[in-house]
There are 2 protein chains.
Amino acid sequence: MAQQFFSRRNLQFMLYEVLQAEDLCNYEYFQDHSRDTFELIIDTVSKLATDVMYPVFQDMDSNPPVYADGIARVHPIVRNYMQECGAGGWINPYMSYEFGGQQLPSTVYTVIGFIMGAANYSLSAYPQLTGGAANLLVNFGSKELQDLYLAPMLAGQWQGTMALTEPNAGSSLADVKTSAEDSGQGYFLIKGQKIFITGGSTDATDNTVHMMLARIKGAPSGVKGISLFLVPKFYVDEAGNLQANDIFCTGIEHKLGYKGCPACQLSMGDNGSCRGYLIGEPNKGLAYMFQMMNEERVNVGIGAASKATAAYYAALEYAQQRLQGRKINDKNPESPQIAIINHADIKRMLMFQRAISEGALALGLQVSKYIDLAKAGEESEKNELLIDFLVPIVKTYPAEMGILATSAAIQCLGGYGYCKDFPVEQYFRDVRIDPIHEGTTGIQGQDLLGRKVIMKKGRAFQLFKEELSGTINTAAEIDQLKLPAKMLEEAMIMVEQVTSHLLQTAVQGDTERFLSDASLYLEMTGILTIGWQWLLQGVAACQALNVNVSTVDKNFYQGKMLTMQYYFDYEMPRINTLCEILTRNEGFMSDVPLETFV
Amino acid sequence: MAQQFFSRRNLQFMLYEVLQAEDLCNYEYFQDHSRDTFELIIDTVSKLATDVMYPVFQDMDSNPPVYADGIARVHPIVRNYMQECGAGGWINPYMSYEFGGQQLPSTVYTVIGFIMGAANYSLSAYPQLTGGAANLLVNFGSKELQDLYLAPMLAGQWQGTMALTEPNAGSSLADVKTSAEDSGQGYFLIKGQKIFITGGSTDATDNTVHMMLARIKGAPSGVKGISLFLVPKFYVDEAGNLQANDIFCTGIEHKLGYKGCPACQLSMGDNGSCRGYLIGEPNKGLAYMFQMMNEERVNVGIGAASKATAAYYAALEYAQQRLQGRKINDKNPESPQIAIINHADIKRMLMFQRAISEGALALGLQVSKYIDLAKAGEESEKNELLIDFLVPIVKTYPAEMGILATSAAIQCLGGYGYCKDFPVEQYFRDVRIDPIHEGTTGIQGQDLLGRKVIMKKGRAFQLFKEELSGTINTAAEIDQLKLPAKMLEEAMIMVEQVTSHLLQTAVQGDTERFLSDASLYLEMTGILTIGWQWLLQGVAACQALNVNVSTVDKNFYQGKMLTMQYYFDYEMPRINTLCEILTRNEGFMSDVPLETFV
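Residues numbered from 1 in each chain as written. Chains lettered and ligands numbered in written order. Predicted model: local features only at pLDDT ≥ 70, side-chain atom pairs only at ≥ 80, totals over all residues.

Caption draft 1: Geometry of the overall build of chain A. If you tally the helices and strands in chain A, you get 18 helices and twelve strands. The C-alpha atoms of chain A give 24 Å as radius of gyration, which agrees with the globular expectation for 598 residues (25 Å, within 12%). By its C-alpha atoms, chain A is 80 × 60 × 60 Å across when sized along the principal axes. Per-residue burial for chain A yields a buried fraction of 60% across its 598 residues. (Helix = DSSP H or I, 4+ residues; strand = E, 2+ residues; numbered from the N terminus. Rg over C-alpha atoms; globule rule 2.2 N^0.38 Å. Buried ≥ 20, exposed ≤ 12 C-beta atoms within 10 Å, placed from the backbone.)

Caption draft 2: Quick peek at helix H12 (residues 455–476) of chain A. Residues and elements named next belong to chain A. If you check H12, its first and last C-alpha atoms are 30 Å apart, about what 22 residues at 1.5 Å a residue would give, namely 32 Å. Where H12 is concerned, the buried positions are Ala460, Phe461, Leu463, Phe464, Leu468, Thr471, Ile472 and Ala475. At its buried positions, H12 is contacted by helix H9 (380–413), helix H11 (441–452), helix H13 (482–507) and helix H15 (518–545). (Expected span 1.5 Å × (residues − 1). Contact = placed C-beta atoms within 7 Å.)

Caption draft 3: Geometry of the pairing of strand S3 (residues 158–163) of chain B. All names here are of chain B. Within S3, six of the six residues are buried, which leaves it mostly tucked inside the rest of the structure. By the alternation rule, side chains of S3 split into Trp158, Gly160 and Met162 and Gln159, Thr161 and Ala163, which are all buried. Relative to strand S6 (residues 207–216), S3 runs parallel, the two sharing six bridges. Bridge assignment links glutamine 159 to a residue of S6, and that residue is threonine 208. (Pairing = 2+ DSSP bridges.)

Caption draft 4: Examining the confidence of the model for chain A more closely. Of all residues in chain A, 100% attain a pLDDT of 70 or more, and the chain-wide mean is 97. Reported confidence for the predicted complex is 0.98 by ipTM and 0.98 by pTM. (pLDDT = per-residue confidence, 0-100.)

Caption draft 5: Region of interest: the relation of the copies chain B and chain A. Mapping chain B onto chain A leaves a residual RMSD of 0.0 Å; the transformation is a rotation of 180 degrees accompanied by 0.0 Å of translation along its axis. What the superposition gives is, in effect, a two-fold axis relating one chain to the other. Ranked by how close their C-alpha atoms come to the rotation axis, the residues of chain B are headed by B:Thr577, at 3.3 Å. Comparing contact sets, 100% of the residues at the interface of chain B also lie at the interface in chain A, consistent with an isologous, same-surface contact. (Least-squares fit on C-alpha atoms with pLDDT ≥ 70 in both.)

Caption draft 6: Main features of the interface of chain B and chain A. The interface is formed by 77 residues belonging to chain B together with 78 residues belonging to chain A. Elements with a minimum of two residues in the side of chain B that touches chain A: helix H8 (344–375), helix H9 (380–413), helix H11 (441–452), helix H14 (511–514), helix H16 (551–571), helix H17 (574–584) and helix H18 (588–591) of chain B. Residue contributions to the side of chain B that touches chain A peak at seven residues, all from H16(B). Considered class by class, the residues forming the side of chain B that touches chain A number 29 nonpolar, 30 polar and 18 charged. (Nonpolar A, V, L, I, M, F, W, Y, C, P; charged D, E, K, R; others polar.)

Caption draft 7: Representation of the pairing of S6(B) within the structure. All names here are of chain B. In terms of burial, S6 is largely enclosed, as eight of its ten residues are buried. Two strands pair when backbone bridges link them, and strand S4 (residues 179–182) and S6 are joined in this way by two bridges, in the parallel orientation. Bridged to alanine 180 within S6 is isoleucine 216. As defined by bridge partners, S6 adjoins strand S7 (residues 227–232) across six bridges and the pair is classed as antiparallel. Within S7, the position partnered with methionine 212 by the bridge is phenylalanine 229.

Caption draft 8: Spotlight on helix H4 (residues 77–88) of chain B. All names here are of chain B. Here H4 spans 16 Å end to end across twelve residues, near enough to the 16 Å set by a 1.5 Å rise per residue. Taken as a whole, H4 has its buried residues at Val78, Tyr81, Met82, Cys85 and Gly86. One face of H4 carries all of its buried residues, which in axial projection span an arc of 140 degrees. In this fold, the buried residues of H4 make contact with helix H2 (35–53), helix H5 (106–140) and helix H6 (143–154). Two residues or fewer after H4 comes glycine 89, characterised by a positive phi angle close to 80 degrees. (Arc of directions from axis to C-beta.)

Caption draft 9: Inspection of the nonpolar core at higher detail. Among the nonpolar cores identified, the biggest contains 414 residues, and A:Phe229, A:Ala315, B:Phe229 and B:Ala315 are the most heavily contacted of them. With residues up to four places along the chain from it excluded, the contact list for B:Phe229 reads B:Ala180, B:Phe188, B:Ile190, B:Met212, B:Ala214, B:Gly276, B:Tyr277, B:Leu278 and B:Ile279. (Core = buried A, V, L, I, M, F, W, Y, C linked by C-beta atoms within 7 Å.)

Caption draft 10: Looking closely at the domain arrangement of chain A. All names here are of chain A. Taken domain by domain, chain A holds domain 1 (8–152), domain 2 (157–283) and domain 3 (440–588). When each unit is reduced to the centre of its C-alpha atoms, the spacing between domain 1 and domain 3 is 30 Å. On the side of domain 3, five residues touch domain 1, which itself brings four residues to the contact. Among the residues forming the side of domain 1 that touches domain 3, the class breakdown is two nonpolar, no polar and two charged. (Domains from an automatic or database assignment.)

Caption draft 11: Examining unusual backbone geometry more closely. For A:Gln20, which is not glycine, the phi dihedral falls at a positive 45 degrees. Examined against the element boundaries, A:Gln20 turns out to sit in the loop between helix H1 (8–18) and helix H2 (35–53). The residue B:Asn283 is not glycine, and still its phi comes out positive at about 70 degrees. Structurally, B:Asn283 can be placed in the loop between strand S12 (275–279) and helix H7 (285–321).

Caption draft 12: Region of interest: the packing of helix H17 (residues 574–584) of chain A against H17(B). As a packed pair, H17(A) and H17(B) sit with axes 8 Å apart at the nearest point and diverge in direction by 155 degrees. Between H17(A) and H17(B), the crossing angle belongs to the class labelled roughly antiparallel. Viewed along their axes, H17(A) and H17(B) form a crossing whose handedness is right-handed. In this structure, H17(A) contributes A:Arg574, A:Asn576 and A:Thr577 to the contact, and H17(B) contributes B:Arg574, B:Asn576 and B:Thr577. Looking at the contact of H17(A) with H17(B) residue by residue, the classes come out as no nonpolar, four polar and two charged. (Axes fitted to C-alpha atoms, helices over the stretch in contact; angles between N-to-C directions. Parallel < 35°, antiparallel > 145°, perpendicular 65-115°, else oblique. Left-handed = near helix turned anticlockwise from the far one by under 90°.)

Caption draft 13: Up close: the packing of H8(B) against H9(B). Residues and elements named next belong to chain B. At their nearest, the axes of H8 and H9 sit 8 Å apart, and the two run at 160 degrees to each other. With respect to their mutual orientation, H8 and H9 come out roughly antiparallel. Read as a crossing pair, H8 and H9 show a hand that is left-handed. Residue composition of the contact of H8 with H9, by class: 23 nonpolar, six polar and one charged.

Caption draft 14: Region of interest: the environment of A:Asp388. Note that A:Asp388 resides in helix H9. Residues A:Asp388 and A:Pro573, spaced 185 residues apart in sequence, show a C-alpha to C-alpha distance of 26 Å.

See the structure below:
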């Protein structure tokens with residue numbers, strides 16, 4: 001195991017030097033907070049991550065949950081950790097005081113998630129999912145349901161889940177078939193199957209509370225007939241006692257990674273008595289779910305960034321210590337071997353990992369700040385549109401690039417990277433889930449190009465461009481940043497041109513062709529967006545370097561400048577290729593006849 | 001498990017329509033062969049792969065070797081399979097009759113390796129390694145050693161290995177420390193440690209014969225003092241009896257994938273009595289090893305192509321069967337769901353996999369044909385230079401792109417792709433070894449740019465360009481290929497320009513800066529090379545489509561044309577980006593100070 005799995009220094013840089021997160025405390029909602037409370041919280045979480053989570057990172061992978069008697073028996077640490085999260089307030093720190101939260105900015109909550117994910121992504125999923133489910137209950141559930149279910153969830157005694165997927169309804173949620181029939185007694189009778197339900201039934205908590213999508217009998221077909229239900233493993237009866245519900249875990253998946261947290265198969269209503277409690281109004285379930293989805297997707301992106309970060313530090317530590325080979329110009333075989341970080345190829349792979357992981361983290365924090373501003377009532381419409389636009393990117397760029405970054409970490413370690421003595425192969429496996437869960441990359445691409453780019457007559461896209469222009473203008477005033485500022489501007493213009501080109505097809509009504517390469521459009525926009533985030537970091541680093549700084553800080557800021565330069569010189573040019581593809585091949589994929597696939 | 005794991009039709013296309021492999025039989029060395037014998041051999045191997053290898057593909061992964069009492073206990077199938085390979089002549093079919101081989105062209109042997117690798121890569125490694133070790137013995141060993149050790153190896157009774165790597169000598173073989181001292185009794189006393197020795201000590205065969213690098217006491221330091229030894233687990237004594245040698249397996253690695261074949265740690269001479277037999281002359285060990293390395297590196301590339309191919313067929317089968325979603329233009333939620341292969345995004349991912357895997361296979365076969373021509377005495381110098389030039393590419397392109405191709409296969413299956421019920425996650429793990437073993441991508445990059453491009457005053461590079469030009473000229477005569485021919489030509493010119501640019505730095509003597517982005521140079525050249533291979537396939541497909549063909553064949557050839565178009569439109573433009581990077585950033589990586597990595 002590597003000594004380090006994240007950089008506290010980088011978090012401070014991002015929070016206070018790039019994003020001015022302490023300014024959020026000027027808003028009423030966050031007024032009890034300050035840089036001091038943020039730091040105290042981050043201290044505490046770092047300690048939990050270092051002392052409790054990281055030490056069992058590999059053990060949870062080697063000893064994945066075992067299914068027996070309708071339950072997934074998970075690693076014993078999970079129960080302790082959930083209780084600790086409940087006691088520490090780590091499940092819902094962003095919630096209002098009314099619901100027992102700390103009114104912590106999302107920006108800082110994202111840092112918490114990042115640190116926990118870097119320490120042990122599987123373990124971090126349990127409280128995060130519980131928080132997400134609790135948040136649905138807070139936002140859309142009745143007072144009665146809140147009174148019964150919220151407290152034990154937030155205390156870490158009951159696990160929460162998001163129960164969407166079914167055997168025939170994955171990406172196509174319109175096809176959810178789980179049924180709900182009003183019993184006339186304050187609950188619905190649920191019947192159906194769910195699969196891939198993370199944390200769906202474990203022995204780490206005494207109860208599991210599912211936020212489940214189902215279709216009320218007689219409801220319209222498609223997405224307009226989906227309702228949201230609270231379906232507990234044990235429901236609270238009229239006398240306040242827990243009663244076993246008619247829902248069973250029938251098995252768990254055996255996965256490539258992310259093994260510490262089970263994906264469960266659930267069967268509801270086998271005995272005709274599975275109780276589900278309607279959340280909010282009928283037929284609005286998907287809308288409710290999607291109101292929470294933005295934050296879940298930010299979480300996925302941050303999770304991917306955290307895994308890539310931990311892999312980077314493992315690779316960096318190895319590269320600094322491992323002696324192998326000599327400088328190419330040194331032909332004397334008797335000179336001592338050098339640390340492999342001296343080799344340009346290793347440096348490039350480290351730089352790549354750093355550019356990806358720190359760029360991805362930066363974007364996650366940026367979107368979190370927009371969430372905070374919207375919540376605080378600061379230009380809420382604008383900030384919400386920015387969030388909407390950026391969500392597919394903040395989810396996908398870290399997820400897709402996280403695969404390449406962790407793969408580069410493996411490559412830095414050579415043969416050892418392929419072996420379980422070092423943690424990098426696990427990060428490579430763990431991160432592979434991220435382009436899949438909470439909406440695949442294909443779905444995100446369609447969301448970006450098919451919805452976000454055109455929504456409100458392109459207003460969100462316009463706001464996004466204005467954010468970039470703001471940074472470009474600031475950077476253009478700084479000598480060392482004139483070149484990257486110009487490169488970002490040119491890239492933005494290119495992305496605009498491709499977008500206009502594609503929109504011509506959309507106008508002709510051929511949505512199929514318009515969206516045929518939407519995933520590549522998302523990839524292109526992602527590269528642009530992370531370029532913006534690096535330029536922002538460049539601005540902060542330049543400003544810091546203009547005053548006297550310690551040697552340690554100077555190395556830090558110069559590292560930022562060099563990583564920014566790497567990003568602009570090595571990553572940004574990929575936009576050109578994608579522009580060329582998107583301009584030239586519009587619709588090609590739609591036209592390829594199925595029978596030619598042999 | 002998918003029904004199909006490779007395409008016999010594609011192999012026939014490659015062998016007889018693209019490469020005219022049957023023409024090799026006009027050479028004396030191959031004269032006993034014909035298309036019929038090739039097909040018979042491929043039939044037999046296909047049957048072995050389908051009936052014996054593929055059914056245990058997942059089981060060998062789930063039940064990896066267990067280390068106990070100095071041996072790796074491997075899957076019971078290995079012993080049967082090795083015997084079957086021995087009996088069938090699959091260990092050394094390319095060897096001359098003199099040594100019990102079949103004088104089979106490498107082109108066809110590559111097909112054998114490809115089919116076996118697609119069925120079960122781990123299992124295929126055992127005979128392939130044994131063949132490689134036997135080949136060293138044939139080429140450089142004494143008659144006496146050949147008489148004692150060759151027959152049981154070729155019969156599949158004894159395992160062969162390549163024992164190069166040591167704890168402090170991986171990529172830097174100059175630092176091999178294992179020592180050898182002449183006992184004066186016809187053998188040397190070997191002392192040292194080896195690691196990552198594939199198949200280094202298993203219960204599948206009765207003996208293990210290591211081809212081991214060691215340094216004779218008093219030999220020069222560096223690569224000029226390395227000798228090659230045959231170090232058997234049981235040596236044949238003067239009376240012809242087997243005696244236990246002083247070499248022990250002290251443990252095995254726990255790996256990400258490629259689990260069916262153990263990577264062993266070996267300790268030699270703990271009791272001062274490990275016998276090693278010198279192969280060839282002292283201090284020429286590395287040269288001998290590298291004479292075999294070309295073919296081993298082709299094997300790695302073919303192995304990666306085979307895994308990507310099997311993953312493609314698993315993804316294709318799933319995509320054809322899995323119903324999910326509707327055409328984007330279809331807004332009726334009650335219309336039936338469609339097979340996901342109808343979605344453009346899925347088609348693109350399948351096309352990507354096909355372009356990679358079939359392109360990589362094509363290059364492997366192309367290089368194999370050059371090997372055959374050289375062996376047959378046809379323009380040997382030219383063909384050997386082409387082999388030298390292409391080896392780093394044929395090894396690396398499939399290996400690196402294989403990671404992305406198998407990752408795309410996972411993505412086609414969504415959540416199921418992440419689970420062990422389907423084989424694709426295993427291909428993703430198995431293929432990750434390929435950019436590492438037999439020389440990492442970094443090493444291959446330095447080999448290409450630092451050695452192959454400049455060797456013999458650029459003659460190999462020149463011959464490579466002539467091969468491409470030949471194909472371009474042919475294709476330019478065919479209407480449907482004028483455009484890709486032009487694109488390939490432009491790409492080639494771009495690669496030439498980048499090369500000239502880099503060589504200016506080399507001329508200035510700064511090798512460190514010259515080679516600092518050699519891996520990216522290799523990536524760029526790889527994209528160009530596979531473009532050539534697709535254009536060659538396009539020529540053959542066009543010729544076939546110009547005559548009357550059955551519907552099945554028409555679909556096949558049109559699939560080839562579309563995949564070629566995909567490659568030129570979606571993959572080829574990546575060259576532009578790499579050219580830009582290589583032209584602009586020469587030396588940047590060399591200059592990044594170590595202390596800025598934090």
